[in-house]
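# Commentary on secondary and tertiary structure
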Amino acid sequence: MSESTIIIEHSERVGIIKLNRPRAYNALSGTLINELLDALRSFESDPGVGAIILTGNEKGFCAGADIKEQSELSFVNAYNQDYLKNLNDGFFAVHKPIIGVINGIALGGGCELAMMCDILYAAETATFGQPEITLGTIPGAGGTQRLIRAIGKSKAMHMILTGEMISAKEAEAAGLVAKVLPAEQVFSAALKTASKIASFSAPIVAMAKEAVNEAEELGLKNGLHFESRLYHATFGLEDHAEGFQAFLAKPKRVAQWT
Ligand code: CO8
């Protein structure tokens, strides 16, 4: 039987996915993508999971599309199967927060995969790049759209048009990643954050994630309207009543989420 291309673990309420194709720097083969999407679906439907971590292995995070596989793909094949749309769609379908832990290279589709996550923690040794131009192609899993939103036009253009990489520190300064930590600390720090998020009310966490993500789709006026609607809807949840009662109790108590 062939080895799995991902490793799935649990740490209390956190579901963990580790990319695991060490011989190909975790390149995104069709098999890896399918196994990754299956794992996301399974964590999404598991009420015991409140947040997800996606990370790489000792070789780093991910070197992008599997170049060997992609070299065999014709325009017609790619077009007819809507190549890679399933990856973006799979991430869009996850209501639980996904923390990407970037522990080394995140190149091409690897950088795009990182940007599909909701929060990024990076090791000091991590590097980010969109080298597709050096292969005679362009980013194809969201890079041209998400990078500009994350770091602005000039920096995004620079990365995409030169293929040059940026360091974790540059990524943090540009707003691409939330935190940079020494390599040996980054996973445990992310796990602590994921556990904290997973300890809150699951529906409230999902609504907060949805409202933030809508900011990328809507203008300010429509976005504020959308936020108000979700905010008002939280008033109808038992978790909302519990959170407010716990705060107002004398003495204050810790809220118990459903
Ligand atoms: N695909 C397939 N195999 C790869 C990939 C890859 N992306 N990257 C590395 N490998 C393989 C190499 O072929 C090599 O295999 P073998 O031992 O059989 O020859 C092995 O991994 C080790 O690679 P290197 O010898 O090159 O190791 P180095 O340590 O010298 O370099 C690097 C490591 C920097 C990661 C280098 O391999 C590299 O530059 N890789 C390519 C990175 C790249 O250009 N990525 C962009 C790919 S295109 C893309 O992502 C399009 C985006 C579309 C969306 C994708 C979503 C699925």
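If you're wondering where the values come from, they're calculated on a predicted model, not measured in any experiment.

### As for the site of the ligand
Every one of the 23 residues lining the ligand counts as a neighbour, but Tyr25, Ala63, Ala65, Ile67 and Gly109 are closest to it. The backbone of Arg23 places a nitrogen or oxygen atom 3.2 Å from an oxygen atom of the ligand. Within the complex, 65% of the 1100 Å² of free accessible area of the ligand lies under protein. Broken down by secondary-structure element, the contributors of at least two residues to the shell around the ligand are α2 (67-70), β5 (105-107), α5 (109-116) and α6 (132-135).

### Quick word on the environment of Arg13
Counting through the fold element by element, Arg13 comes out in the loop between β1 (6-11) and β2 (14-19). Among the residues examined, Arg13 registers a relative accessible area of 31% and is labelled partly exposed. Residues Arg13 and Asp46 lie 33 residues apart in sequence; the distance between their C-alpha atoms is 9.8 Å. With residues up to four places along the chain from it excluded, the contact list for Arg13 reads Pro47, Gly48, Val49, Gly50, Ala51 and Ala198. There is a polar contact of 2.9 Å between the side chain of Arg13 and the backbone oxygen of Ala198.

### Some thoughts on unusual backbone geometry
Peptide bonds are, in most cases, trans, and in most cases residues other than glycine have a negative phi. The residue after Lys250, namely Pro251, is reached through a cis peptide bond having omega -5°. Relative to the helices and strands, Pro251 resides in the segment after α13 (238-248). Its identity as a non-glycine residue notwithstanding, Tyr25 has a phi of 50°, on the positive side. Mapped onto the elements of the fold, Tyr25 is located in the loop between β2 and α1 (30-44). Among the residues examined, Tyr25 registers a relative accessible area of 40% and is labelled partly exposed. Backbone geometry places Asn26, a non-glycine residue, at a positive phi of 60°. On the secondary structure map, Asn26 appears in the loop between β2 and α1.

Definitions and cut-offs
- Residues numbered from 1 in each chain as written.
- Predicted model: local features only at pLDDT ≥ 70, side-chain atom pairs only at ≥ 80, totals over all residues.
- Heavy atoms only, no water.
- Near = heavy atom within 4 Å.
- Polar contact = N/O pair within 3.5 Å; in protein donor to acceptor, adjacent residues only side chain to side chain.
- Areas by Shrake-Rupley, 256 points an atom, 1.4 Å probe, with all protein chains shown as cover.
- Helix = DSSP H or I, 4+ residues; strand = E, 2+ residues; numbered from the N terminus.
- Buried < 20%, exposed > 50% of the residue type's maximum accessible area, 1.4 Å probe, protein only.
- Contact = heavy atoms within 4.5 Å.

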